[in-house]
Amino acid sequence: MSPQGIGGETWEDDTHRVALVTGAARGLGACIAGRLYDKGYRVALTDLDAEAATKAAAELDPSGQHTVGLALDVRDKEAFAGVRDQLDERWGAVHVLVNNAGHSKVESLMRISPESFASVVATNLGGTFFGCQVFGEYFAERGYGRIVNIGSLAGQNGGTATGAHYAAAKGGVATLTKVFARELGPHGVTVNAIAPGPQDLPVVRESVDPEKLAQLEAMIPVGRLGRPRFIADMAVLLAAEHADAVTGACWDANGGLFMR
Ligand SMILES: NC(=O)c1ccc[n+]([C@@H]2O[C@H](COP(=O)([O-])OP(=O)(O)OC[C@H]3O[C@@H](n4cnc5c(N)ncnc54)[C@H](O)[C@@H]3O)[C@@H](O)[C@H]2O)c1
C-alpha cells in the first residue's frame, strides 16, 4: 500500500522515526520497544538497569544500528535531558516518548510509610511528569511529537491487587496526560495515556500466587490476563504520524474489569 494519503500526507510510514521507551529492559516496556522496532523505528530502550536495557536493545537489533540501550532513572529530570541530547546526536531527532517505567507495590493502606509513598509516587508520577516536561518542550520547539503515558486500571478504580500510592500515582498520570495535551496540542504534539488492566507479564506472575491468579482471571469478564503485545500495538498506534486526532485521551484495555 502506498504511504501517500489524501492530500499528499504521509500515512502509515513511521520508518526512521526515533522513539524512546522508559523502563524498557523487561516487561511491557521491552514489548513496546519491540513493536516500535518492528514498525521501523529506531528505538532507545532506557532503564534504571542500564545493563539489562543494553542487552534488550542488542537482542532486538544485534547490529546496534537501530536500537540502543541507555541508563535513565525517570526520577531524575536531568537524566531525561541527557538522554535527549545523546539521541539528538546519535540519530538527529526524537519523535516519540513512551513513559512506561513504573513500580507497583502491594502494601496495606494504613501501613504505607511516608518513604514508601514518596518513592512510589516519584517513579510512577514524577517520572511521567519529567518525561512530559523535557520532551514536551523539545517536541513543541520542533512542531511535532507523540507522547504515550502508561497509566493503569488502578488509577481509575483505586486498584485491586496494588497499593494506594501506586493507584494514586497512576490517577495522576491520567490527569497529567490531559494537562500536557492541552498545553502541547497547538504545537503538533499529542499526549495520551493507556490504562491496562492486569497483564500476562513477569511482574504479575512473580508477585501473585497461582491460586490468586486463577481467581483474578475468573473476575475478568473476558476470562484472561491482558496480552502485552496488544498494549504495545495501542502505543504504536498512538505514536503514529496520523494519530493527531487523539490527544488527552486515556485508552482502556482491561478485559472489561472497568467499564465507563
Ligand atoms: N504488569 C501489569 O499488569 C500492568 C498493568 C497496568 C499497568 N502496568 C504498567 O506498565 C508499566 C510496565 O510494567 P511492567 O509490568 O512491565 O513492570 P516491570 O516491573 O516488569 O518493569 C518495569 C521496568 O521499569 C524499570 N524501572 C523501575 N523504576 C525505574 C526508574 N526509576 N527509572 C527507570 N526505569 C525504572 C525496571 O527496571 C523495569 O525494567 C508500568 O508503568 C506499570 O505500572 C503494568
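Placed above this text is the structure.
Not measured: the values here are computed from a predicted model.

K.L.:
What exactly am I supposed to notice about the site of the ligand here?
P.N.:
The environment of the ligand is made up of 27 residues, and the closest members are R26, D47, N100, Y166 and Q199. L72 is positioned with one of its backbone polar atoms (N or O) 3.5 Å from a nitrogen atom of the ligand. Between an oxygen atom of the ligand and a side-chain N or O atom of Y166, the distance comes to 2.5 Å. Protein coverage of the free-state accessible area of the ligand, which is 840 Å², stands at 89%. With respect to the detected pockets, the ligand is housed in the largest pocket. A class-by-class count of the residues in the shell around the ligand yields 13 nonpolar, nine polar and five charged.

K.L.:
Looking at this structure, how should I read helix α4 (residues 114-142)?
P.N.:
Given 3.6 residues to a turn, an α-helix orients residues that are three or four positions apart in the same direction. In this model α4 runs 40 Å from its N-terminal to its C-terminal C-alpha over 29 residues, within 8% of the 42 Å that 1.5 Å per residue would give. The sharpest bend along α4 reaches about 40 degrees and sits at A122. After α4 finishes, the residue G143 shows a positive phi value of roughly 75 degrees.

K.L.:
Any chance you could explain the pattern of salt bridges here in plain terms?
P.N.:
Charged atoms that come close allow side chains of opposite charge to pair. Enumeration over the complete set of coordinates arrives at eleven salt bridges. One salt bridge connects E241 with R17, and the closest N-O pair in it is separated by 3.3 Å. Of this pair, E241 sits in the loop between α9 (228-239) and β7 (250-253) while R17 is found in the segment before β1 (18-21), placing the two residues 224 residues apart along the sequence. Its relative accessible area of 25% is what places E241 among the partly exposed residues. Of the residues examined, R17 reaches a relative accessible area of 14% and is grouped as buried. D252 serves as the salt-bridge partner of R260, at 2.9 Å between the closest nitrogen and oxygen. A network of salt bridges, in which partner residues are shared, links R35, D38 and D233.

K.L.:
Sorry if this is basic, but what is going on with the layout of surface pockets here?
P.N.:
The method is simple in principle: a probe with the dimensions of a water molecule rolls over the atoms, and the space it marks as empty is what remains. Quantified by volume, the largest pocket comes out at close to 1400 Å³. Among the elements of the structure, α1 (27-38), α4, α6 (164-184), α7 (202-207) and α8 (210-219) are those that each provide at least two residues to the lining of the largest pocket. Looking at the lining of the largest pocket residue by residue, the classes come out as 22 nonpolar, 19 polar and nine charged.

K.L.:
Help me understand the packing of aromatic side chains in this model?
P.N.:
Pairs of aromatic rings are described using the distance from one ring centre to the other and the angle between the two planes. Enumeration according to the criterion identifies six aromatic pairs in this entry. On the numbers, 6.4 Å between centres and 75 degrees between planes, the contact of F80 with F135 is edge-to-face. Of this pair, F80 sits in helix α3 (residues 77-91) while F135 is found in helix α4, placing the two residues 55 residues apart along the sequence. In this pair, the class of F80 matches that of F135, namely buried. For the pair F135 and Y138, a centre-to-centre distance of 5.9 Å together with 70 degrees between the ring planes defines the contact as edge-to-face. Linking F135 with Y138, this pair stays in helix α4, spanning three residues, or about one helical turn. Each of the two residues, F135 as well as Y138, counts as buried. Connected via pairs of aromatic rings, a cluster forms that spans F80, F135, Y138 and F139. The ring of W91 is capped by R90, whose NZ or CZ atom sits 5.5 Å from the centre of that ring. One cation-aromatic arrangement involves R142 over Y138; the distance from NZ or CZ to the ring centre is 3.8 Å.

How each quantity is defined
Residues numbered from 1 in each chain as written. Predicted model: local features only at pLDDT ≥ 70, side-chain atom pairs only at ≥ 80, totals over all residues. Heavy atoms only, no water. Near = heavy atom within 4 Å. Polar contact = N/O pair within 3.5 Å; in protein donor to acceptor, adjacent residues only side chain to side chain. Areas by Shrake-Rupley, 256 points an atom, 1.4 Å probe, with all protein chains shown as cover. 1 Å grid on protein atoms, 1.4 Å probe; cavity = no way out; pocket = protein on both sides within 12 Å on 5 of 7 lines; lining within 4 Å. Sits in = over half its atoms within 2 Å of the grid points. Nonpolar A, V, L, I, M, F, W, Y, C, P; charged D, E, K, R; others polar. Helix = DSSP H or I, 4+ residues; strand = E, 2+ residues; numbered from the N terminus. Expected span 1.5 Å × (residues − 1). Bend = angle between axes of the 7 residues up to and from the residue. Salt bridge = Lys/Arg side-chain N within 4 Å of Asp/Glu carboxyl O. Buried < 20%, exposed > 50% of the residue type's maximum accessible area, 1.4 Å probe, protein only. Points joined across faces, edges and corners; volume = space filled by probe spheres on them. Phe/Tyr/Trp six-rings, centres within 6.5 Å; stacked < 30°, edge-to-face > 60°. Lys NZ or Arg CZ within 6 Å of the ring centre and 35° of its normal.

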